[in-house]
Amino acid sequence: MNPSEQDLPYTREIRSNAEDVALIRRMCDADETALGALYDRWMRSLYSLVVHLLKDPDEAEDVVEETFWQAWRKASSYEPSRGAVSTWLLTIGRRRALDRLRAKARRREDSLTHEGRVLADMASAAPDPSQTAEGAERRAHVLAALDELPDEQREVLELGYFQGLTQTEIAEATGQPLGTVKTRMRLAMQKLREPLSMYRESAQ
Amino acid sequence: MTTLSHEEAYSELAVVALDAAPLEVSSAVREHAAACPECGPELMAMEEVVTQLGQLVPGAGMNPGRSAGIRSRLVMRARTEREARSSAAPGARPDLARGVASLTGFGHRLTPGSQRAVEAEIRKVVPPQKRTRTFLSGPGLWALAASVAFVVVAVQLARVKADRDALRAELASRADTASSVDSARRAIAENQALVAAMAGPDVKIVALSKNTTRMGRMFWNPSSNDWTFVVYTMPPPKPGMTYQVWLVTDSAKISAGTFNPDSSGHAFMRAKYALDRNALKAVAVTEEPAGGMPAPTGPIVVSGSATP
């Protein structure tokens, strides 16, 4: 990674949802400077997520631009009661990345050969110097919570989230019936809710 | 759209939260969840869990120059859209031809509404049965004619005034629209010029750094003499000071302008200056008293060599 990128000031900023909500309100009032400010706050997180999914920096940049543009156009559809701005934004970005991934109908044999290694890779990834102490702690906490899951539940989450596979593809990859995949996903999510609830960013 | 039972929707919540369900299933589940007191909060909580999983993705930095470009495009696009939106008239436009007629007095006719008002006034003044008996004789005829003429003139004057006001509003609105269109055209032209200035085949790029940290770039198009300067992580200058950009040649240090970064450290400048293709040795930024100086006096804050 380019050392200068780690020094971007916004990556060190402590971002509160109240500030994000205020920016969204300004965007609803057609204040384009709020869009720039929202970009500064969340570009890095969004780019990290979509480039991880797409494995293509050029495509990831496109998705980042599309996502913020959609946020601008649809700012009035954001409902604070339905979750934090970051959740809304990252969900838009992830969906767009998955749409691209699936539209290309990539065969995922190469991904599947890495089955079970996703979390290990992430756990051993070099720490990001630009990450705040709070962010590093949160990351460690999420990893620990995932580690607590039974292997088969963690596996379906990894394939669904980090590889972007559909439920049918996960069933094919794991050799399990579709119903079993759904059940494992639900159980995994329900088990993660409690340990991760402390990080839930309530709308303000 | 497919309609799901509560149990069916509940069993799909996790895959929907993960975006791993087919679109039609996802839509049906979301529609159910929007109205279901159990599935709605459950889906929301699962989506929060999904967001938390994003914490595990290793941080990746976008190329700062490209990121600055995306940011600029977004803000410019949003501004253009905002200006276009604000220039659009909210309701139906007044009839311009009618407004002109009302101002000139030529070709104007009563509208159906004003016609009805005149007829109503006539009926008030003369009930139909009485009118049939006295219409052709006596002083009542003159009174009737005077009343009708008064009402017609009053209604017509009111109409003329309303149309004149509408016309004025219309003319003002069209002036605003023309101004916005001009503004959008200028923005497009500026964007095209910017692309040409930064992406021409012989554009030279000078990377600007402080120590080893990349802080910006200068794009120089010798064919068009365009200089485009971008920095993205500049701290604010000291109070009473500003940053000044210098084009360094063997014989001179030429000022390319002053700037103050915005709150996020970004700054963007353009200049036109003819310089021999081989003259540029470096680009430097110094901190100078507000307003700038004819020659650099302060320390170099950021610089980059133009020679390979």
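Residues numbered from 1 in each chain as written. Chains lettered and ligands numbered in written order. Predicted model: local features only at pLDDT ≥ 70, side-chain atom pairs only at ≥ 80, totals over all residues.

Caption draft 1: The arrangement of the overall build of chain A in detail. Check the secondary structure of chain A and you find eleven helices and zero strands. Going from the N terminus to the C terminus, chain A shows its helices and strands as α-α-α-α-α-α-α-α-α-α-α. Expressed as a percentage of its 204 residues, the buried residues of chain A come to 40%. Long-range pairs, those at least 24 residues apart, make up 69% of the contacts in chain A with a sequence separation of at least 6. (Helix = DSSP H or I, 4+ residues; strand = E, 2+ residues; numbered from the N terminus. Buried ≥ 20, exposed ≤ 12 C-beta atoms within 10 Å, placed from the backbone. Contact = placed C-beta atoms within 7 Å.)

Caption draft 2: Fine view of the overall build of chain B. Along chain B, the regular secondary structure elements total eight helices and eight strands. Going through the 308 residues of chain B one by one, you find that 26% of them count as buried. Once local pairs closer than 6 in sequence are excluded, the contacts in chain B between residues at least 24 apart make up 61%.

Caption draft 3: Focus on the confidence of the model for chain A. Residues and elements named next belong to chain A. Per-residue confidence for chain A gives a mean pLDDT of 77, with 73% of residues at or over 70. Here helix 1 (residues 3-6) is the element of chain A with the lowest mean pLDDT, 36, and helix 4 (residues 57-73) is the one with the highest, 93. Ignoring residues within four places in sequence, the model shows residues 1-14, a span with pLDDT below 50, making 31 contacts including any to other chains. The low-confidence segment residues 123-130, where pLDDT is below 50, has eleven contacts with residues more than four positions distant or belonging to other chains. (pLDDT = per-residue confidence, 0-100.)

Caption draft 4: View of the interface of chain A and chain B. Counting residues at the interface gives 62 residues for chain A, matched by 48 residues for chain B. Elements with a contribution of two residues or more to the side of chain A that touches chain B: helix 1, helix 3 (32-54), helix 4, helix 5 (85-103), helix 8 (133-147), helix 9 (151-162), helix 10 (167-174) and helix 11 (178-196) of chain A. The greatest single-element share of the side of chain A that touches chain B, amounting to twelve residues, is contributed by helix 3 of chain A. Split by residue class, the side of chain A that touches chain B holds 30 nonpolar, 15 polar and 17 charged. (Nonpolar A, V, L, I, M, F, W, Y, C, P; charged D, E, K, R; others polar.)

Caption draft 5: Spotlight on the confidence of the model for chain B. Residues and elements named next belong to chain B. Of the residues in chain B, 80% reach a pLDDT of 70 or more, and the chain-wide mean stands at 77. Per-residue pLDDT stays below 50 along residues 129-135; that stretch engages in three contacts with residues further than four places along the chain or on separate chains. With a pTM of 0.50, the predicted complex shows an ipTM of 0.74.

Caption draft 6: Representation of helix 1 (residues 6-17) of chain B within the structure. Here helix 1 of chain B contains twelve residues, and its C-alpha end-to-end distance of 16 Å stays within 8% of the 16 Å for a straight helix at 1.5 Å per residue. All of the buried residues along helix 1 of chain B are Ala9, Glu12, Leu13, Ala14, Val15, Val16 and Ala17 of chain B. The secondary structure elements touched by the buried residues of helix 1 of chain B are helix 10 and helix 11 of chain A together with helix 2 (23-35) and helix 3 (39-53) of chain B. (Expected span 1.5 Å × (residues − 1).)

Caption draft 7: Highlighting the packing of helix 11 of chain A against helix 1 of chain B. Packing of helix 11 of chain A against helix 1 of chain B brings their axes to within 8 Å, and their N-to-C directions diverge by 75 degrees. Relative to helix 1 of chain B, helix 11 of chain A is oriented roughly perpendicular. Of helix 1 of chain B, the residues touching helix 11 of chain A (which contributes Lys182, Met185, Arg186 and Met189 of chain A) are Ser11, Glu12, Leu13, Ala14, Val15 and Ala17 of chain B. Partitioned by chemical class, the residues of the contact of helix 11 of chain A with helix 1 of chain B number six nonpolar, one polar and three charged. (Axes fitted to C-alpha atoms, helices over the stretch in contact; angles between N-to-C directions. Parallel < 35°, antiparallel > 145°, perpendicular 65-115°, else oblique.)

Caption draft 8: View of the nonpolar core. Ranked by size, the top nonpolar core spans 74 residues in total, and within it Leu35, Leu46, Val50, Val64 and Met185 of chain A together with Ala17 and Met46 of chain B carry the most contacts. The contact partners of Leu46 of chain A, leaving out residues within four places of it in the chain, are Val64, Thr67, Leu89, Leu90 and Gly93 of chain A. Formed by 23 residues, the second largest nonpolar core is a distinct cluster that contains Phe219, Phe229, Val231 and Ala256 of chain B. (Core = buried A, V, L, I, M, F, W, Y, C linked by C-beta atoms within 7 Å.)

Caption draft 9: A look at unusual backbone geometry. Residue and element names in this part refer to chain B. Unusually for a residue other than glycine, Asp19 sits at a positive phi of about 55 degrees. With respect to the element layout, Asp19 can be found in the loop between helix 1 and helix 2. If you check the backbone angles, Asn225 has positive phi at about 60 degrees while not being a glycine. Counting through the fold element by element, Asn225 comes out in the loop between strand 2 (213-221) and strand 3 (226-231). According to the C-beta neighbour criterion, Asn225 is partly exposed, with 13 such atoms within 10 Å.

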